[in-house]
Amino acid sequence: MYSPEKDGEVLLKGIKMDRKKTVLVSGGAGYIGSHTSVELINAGYDVVVIDNLSNSEKDSIEGIKRITGKNVPFEIVDTCDQEALKKVFEKYEFDSVIHFAAYKAVGESMAEPLKYYTNNLISFMNIVEMMKKYNRPNILFSSSATVYGEAEILPVTEETPRQAPTSPYGNTKQMSEDILRDCCRAYAVLHGIALRYFNPIGAHPSALIGELPRGVPNNLVPFVTQTAAGIRECLSVFGNDYDTPDGTCLRDYIDIVDLAKAHVAAVNRMVAGKMEDKYEIFNIGTGNPVSVLELLTTFEEVNQLKLPYKIVERRPGDVTAVWADTAKANNILGWKAERTLGETLKSAWEWEKRIRKI
Ligand code: UD1
């Protein structure tokens with residue numbers, strides 16, 4: 001049974017928060033949520049974090065506090081638990097919500113689709129429902145470039161048609177976008193933005209927060225840093241016979257701090273009442289395609305080390321190439337990726353070294 005006093009840390013009891021400048025961050029102890037919480041606080045927002053810690057650690061809340069020097073009200077809440085969520089909405093005043101809390105492993109979603117549909121959709125609908133009920137106007141949803149699939153024309157703009165999802169995970173992103181669009185249309189109070197992330201990588205420059213995958217990582221950069229740390233023997237490069245300059249897949253790797261700042265820009269837009277439509281979509285990437293081999297070489301160069309790797313079969317489901325047209329985010333949000341790939345890959349390694357005590 002949920003109990004804020006027992007389960008969470010309620011640090012701001014009795015302190016009045018300005019609801020326009022307060023953001024509820026669901027999944028705020030996770031990789032993207034923790035970095036976004038830091039940037040929101042740096043930009044002058046108050047943040048309330050909820051997280052069920054199913055794929056994150058409480059240490060990241062400590063990291064947020066250490067980086068910002070601010071207290072962060074944190075409650076262990078599962079967003080699928082309507083009663084617990086209701087208590088959060090009754091307890092805190094906030095105009096904006098950023099919803100990160102979701103499962104994100106593509107392979108696992110194929111093996112356990114119901115787990116993904118139940119968790120990702122119910123938690124999102126609960127959030128939207130509470131916002132409607134308690135008159136909280138602004139919601140920002142974490143979507144993914146996975147919605148574009150194998151696009152015919154690159155880079156992809158927000159107008160590029162979405163493709164049929166290739167995994168239940170990807171389907172929950174598309175379905176959540178649609179739920180948000182329809183709810184923003186139907187309910188006067190609601191305004192929504194979906195950010196379609198490309199490939200988030202790296203860590204905060206302080207190395208106090210970063211990505212902490214449980215078990216064997218699915219994504220490239222955590223696998224790279226764990227291989228460099230000696231936890232994995234050898235990195236497998238999934239295919240070098242793609243129709244790309246060096247035969248390996250092309251992706252748009254976006255620095256996690258840059259990505260976090262995109263959320264601040266989007267919240268600013270909502271809070272300032274500047275949205276042109278009640279539901280808007282933005283691509284959040286760098287606009288630069290990078291191959292797997294380029295990424296590995298850059299990692300080796302900036303960190304002065306050698307990575308053992310071998311070329312293996314293609315991974316089923318991988319698209320050849322996808323990268324973002326970032327004009328809409330640049331022009332309308334006034335946001336642009338700033339850190340270089342080298343800086344980002346250095347930060348990823350600094351974080352891995354800190355958590356492994358290397
Ligand atoms: C993956 C998901 C995507 C999700 C995103 C979240 C798939 C098919 N797609 O994107 O839906 O939104 O993560 O961050 O899983 N690679 C290797 N060796 C590895 C790991 C990856 O060569 O050990 C290659 C992949 O083939 C790919 C690139 O690295 O070309 C990036 O892979 P990854 O980090 O898993 O991201 P995506 O597949 O682009």
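This section reports on the structure supplied with the text. These numbers come from a predicted model, not from an experiment.

1. Some words on the packing of aromatic side chains
Two numbers describe a pair of aromatic rings. These are the distance of the centres and the angle of the planes. Enumeration according to the criterion identifies 6 aromatic pairs in this entry. The interplanar angle of 70° and the centroid separation of 5.0 Å between the aromatic rings of Phe89 and Phe94 together place this pair among those described as edge-to-face. Classification of Phe94 by relative accessible area gives buried; the value is 0%. Seen in terms of ring centroids, Tyr103 and Tyr116 are 5.4 Å apart; in terms of plane orientation they differ by 55°. Their pairing is tilted. With a gap of 13 residues between them, Tyr103 in the loop between strand S4 (96-99) and helix H5 (106-111) and Tyr116 in helix H6 (residues 113-133) connect regions that are remote in the sequence. Residue Tyr103 is classed as partly exposed on the basis of its relative accessible area, which comes to 22%. Tyr116 gets classed as buried once you look at its relative accessible area, which sits at 0%. These aromatic residues form a ring-pair network of at least three members: Phe89, Phe94 and Tyr134. Its end group placed over the ring of Tyr103, Lys115 keeps NZ or CZ at 4.9 Å from the ring centre. A cation sits over an aromatic face here: Arg136 above Phe94, 4.5 Å from the ring centre.

2. Observations regarding the pairing of strand S8 (residues 235-238)
In the case of a regular strand, side chains alternate between the two sheet surfaces. In S8, alternate side chains face the same way, and those of Leu235 and Val237 are buried while those of Ser236 and Phe238 on the opposite face are not. Where S8 lies against strand S13 (residues 309-312), 4 bridges are found, and the strand directions are parallel. The partner of Val237 across the bridge, within S13, is Ile311.

3. Concerning the pattern of salt bridges
With the rule as written, the count across this model stands at 20 salt bridges. Here Lys353 ties to Glu350 by a salt bridge, and the two come within 3.4 Å at their closest N and O atoms. Of this pair, Lys353 and Glu350 both sit in helix H12 (residues 341-356), 3 residues apart, roughly one helical turn. For Lys353, a relative accessible area of 23% gives the class partly exposed. Beyond isolated ion pairs, a larger network of salt bridges with shared partners links Arg162, Glu177, Asp178, Arg181, Asp182, Arg185 and Arg196.

4. Side note on the sheet that holds strand S2 (residues 46-51)
Strand-to-strand pairing in sheets goes through backbone hydrogen bonds, with the strands running parallel or antiparallel. Ordered by their spatial adjacency, 7 strands build an open sheet running S3-S2-S1-S4-S5-S6-S11, and the pairing between neighbours is parallel. A strand with exactly one partner marks an edge of an open sheet, and here the two such strands are strand S3 (74-76) and strand S11 (279-284). The mean angle between the axes of side-by-side strands here comes to 20°, regardless of whether they run parallel or antiparallel. Sheet topology places strand S6 (residues 191-197) next to S11; 6 bridges connect them, and they run parallel. The partner of Gly192 across the bridge, within S11, is Tyr279. Strands strand S1 (22-26), S4 and strand S5 (138-144) of the sheet are contacted by H6, whose axis makes an angle of about 165° with S5.

The rules behind the values
- Residues numbered from 1 in each chain as written.
- Predicted model: local features only at pLDDT ≥ 70, side-chain atom pairs only at ≥ 80, totals over all residues.
- Heavy atoms only, no water.
- Phe/Tyr/Trp six-rings, centres within 6.5 Å; stacked < 30°, edge-to-face > 60°.
- Buried < 20%, exposed > 50% of the residue type's maximum accessible area, 1.4 Å probe, protein only.
- Helix = DSSP H or I, 4+ residues; strand = E, 2+ residues; numbered from the N terminus.
- Lys NZ or Arg CZ within 6 Å of the ring centre and 35° of its normal.
- Pairing = 2+ DSSP bridges.
- Salt bridge = Lys/Arg side-chain N within 4 Å of Asp/Glu carboxyl O.
- Axes fitted to C-alpha atoms, helices over the stretch in contact; angles between N-to-C directions.
- Contact = heavy atoms within 4.5 Å.

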